[in-house]
Each structure stands twice: as C-alpha cells, then as structure tokens.
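# Examining the three-dimensional arrangement
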Amino acid sequence: MIGIVLSLGAGILFGFSGLFPSTLEGFLERWIDVSLYVLVFGVGMELAWESKALEEIRSLGLRVFLLPLAAMVGSLSGAAFVALCSPMTLRECLAVASGFGWYSLSGVLLARLGNPSLGLFAFATNVFREILTLVNLEWVYRVFGGWAAVALGGATSMDTTLGVLSRVSGGKLVPLGVVSGVLHSLCVAPCVMFFSRFL
Amino acid sequence: MMWLLLAVLALGFLVGRLVRSGLARRTGKTLSTVGLLFLLFAMGVRLGQEEFLRMKLASFGLSALSLAFAAGAGAVVVAGLAERMVRKRKRL
C-alpha cells in the first residue's frame, strides 16, 4: 500500500517538476506498456497457483456477469446522485461516469463528440477514479468484500489496478477482475456515446 | 491492447502451469510487484506532465473528484449488495 502511494506520488511530483525531458515522451509510453505487460504476465503466473480463484468463477457460472452489471449500475447511480446536487446536467454526469475509469478513451470520445471541455472533465474524473481505486482498494476489500473491490476499479480492474487486486486478495480476485474489466471496457464507448447524444 | 493484455495474462498462466514450482510462484510475484511499481511511477510522471490538467484542475478539480468518488462509491455499494444476494442464494 505504501509502495503504491509512494510510486504514484513520486511519479506525479517528477512529472510536475518538469525534470522529465519532453524528448523522452515516446520512451515513457513504451515504459508504461512494458510495465503493464510485465505486471499482467506476473499476475498470470501467480494465478496458475491460485486454484480457488478459477473454482469461484466456475461455481458462479453466468452469475459472474452480475458483478460488472451491478458495478455499472452503481457507478451510473452515483453519477445521477451528483447531478441532483450540482449544476451539471444528468446527461453530462452519466456520460462522464460512463468512462468507468478509462480516462483516455472517455476523454477523447467526448471531445470528438463535440464537447472538448466535457472531454477534459471526463479525463480528470476518470483519472481520479483510478487514483481513488489504487489508494482505497485494500480497505474496501476488507470492509465491503471482493465484488465491491473489483467494482471500484471499473474498467481498470483488468489492467492498471489488477496488480493491487491480486495483491490484496492473494490472487483470488484476478479472474473476476479480468471478466469485469473486459466487460466494462467493452461498454465504455457505447455508454459514453449513448449518454452524450441521446439522453 | 485489451486482447494483447489478455493474451499476455494467458501466457503467464500457461508458463506458471508448465513450470509449477515454488520458483515460478515467486517469480510471478516479483514480476507483478516490480511491474506494478514501475507502472505507477510512469503513470504518475505522465499525469504530472499533463499541462491542460494542471491548468484546469483548479477550476473543476473538486467537481471531478466528487463525481469520481460518487461513481466509485455507487459501484462499491451495488456490487457489495449483489455479492451478498448471490452468496445468500448459493446457501439456500
């Protein structure tokens, strides 16, 4: 947990200080990709030893889809609640929350759909969701249980927050995290477009 | 990207299954820890560099944070209730 906060915080400070040369932008992107692949490969190796995790998926059967569905309903309900007590419209709140933590896609989509400022807002909101997940996942798992911990990550539970999920649950939540993350990721674009255009 | 990640996860799983020794488990744990810390640091650098985010954060930072919190909290509550429901049904 301390390592997570320190790594992220040190990175933000380093980037913010301007010490990182802008000529190495491409290197940074590659660094992120390689780290993600190393992380996911390692999680896969650990998963091979976690027989309980796969048993859980098998025993749940089709009910496994209930988790991402509940998480998406919950995310959108939370966003609707914010719309009630803020100057933002319901449409805007739902479109932004439909990023489910995938900040690059939701931000770009909303900007391309003709609302650049809402795109920026979606970018920031979904960055915050990812950071909140990384920092709070451990106690959410302890207090609210496994499904709640997976749900908190939204679309990120199959990539950036998968390592933390694996850490806090001893690998048990990895299959659920992947299933939930994939389904969330598949739903981001249709949901963002639906809420921004038609609602 | 998503499918490539799933392929890498499956490859790691396959290697872990083939090797099936304490060494594979330790290697997996080390790789995921190192990968996670490097990833978080690099993500932090990228976020810290986002010029527009820094400029706009003062104006909409609190709204963005409250929406992120509400969406996350909603997901936690509804998924937590769904898990309870599923476990109760399993026991019946």
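Computed from a predicted model, the values in this text were never measured in an experiment. (Residues numbered from 1 in each chain as written. Chains lettered and ligands numbered in written order. Predicted model: local features only at pLDDT ≥ 70, side-chain atom pairs only at ≥ 80, totals over all residues. Heavy atoms only, no water.)

Each side of the interface is counted separately: chain B has 68 residues, and chain A has 81 residues. Regarding the contact of chain B and chain A, the summed buried area is about 6,900 Å², with carbon and sulfur atoms giving 79% of it. Notably, a salt bridge pairs Glu29 of chain A with Arg46 of chain B, separated by 2.9 Å at the nearest N-O pair. Viewed at the interface, chain A and chain B are joined by 9 residue pairs in polar contact (both at pLDDT 80 or more). Contributions of two or more residues to the side of chain B that touches chain A are made by helix H1 (2-19), helix H2 (22-49) and helix H3 (51-91) of chain B. Examining the composition of the side of chain B that touches chain A, we find that 28 residues originate from one element, H3 of chain B, more than from any other. Within the side of chain B that touches chain A, the residues separate by chemical class into 39 nonpolar, 18 polar and 11 charged. (Contact = heavy atoms within 4.5 Å. Buried area = accessible area lost by both parts, 1.4 Å probe. Salt bridge = Lys/Arg side-chain N within 4 Å of Asp/Glu carboxyl O. Polar contact = N/O pair within 3.5 Å; in protein donor to acceptor, adjacent residues only side chain to side chain. Helix = DSSP H or I, 4+ residues; strand = E, 2+ residues; numbered from the N terminus. Nonpolar A, V, L, I, M, F, W, Y, C, P; charged D, E, K, R; others polar.)

All names here are of chain A. The feature "transmembrane region" (unreviewed entry), as given by UniProt, occupies residues 31-49, 61-82, 102-127, 139-158 and 173-195 in the numbering adopted here. Strand forms 0% of residues 139-158 and helix 70%; the C-alpha atoms that close the span are 19 Å apart. Taken end to end, residues 173-195 has its terminal C-alpha atoms 30 Å apart, with 96% of it in helix and 0% in strand. (UniProt positions renumbered as here; feature names shortened; annotations may be inferred.)

Further remarks concern unusual backbone geometry. With phi around 45°, Phe100 of chain A is a residue other than glycine that occupies positive phi space. Looking at the secondary structure, you find Phe100 of chain A in the loop between helix H5 (90-97) and helix H6 (103-112).

Glancing now at the packing of aromatic side chains. Residues and elements named next belong to chain A. Under the counting rule described, the total for this entry stands at 9 aromatic pairs over all chains. Here Phe27 and Trp31 contribute two aromatic rings whose centre-to-centre distance is 5.9 Å and whose plane-to-plane angle is 45°, an arrangement assigned as tilted. Of this pair, Phe27 and Trp31 both sit in helix H2 (residues 25-47), 4 residues apart, roughly one helical turn. Taking the relative accessible area as the measure of exposure, Phe27 reaches 48% and is therefore partly exposed. When the centroid spacing of 5.2 Å and the interplanar angle of 75° are considered together, the rings of Tyr103 and Phe123 count as edge-to-face. (Phe/Tyr/Trp six-rings, centres within 6.5 Å; stacked < 30°, edge-to-face > 60°. Buried < 20%, exposed > 50% of the residue type's maximum accessible area, 1.4 Å probe, protein only.)

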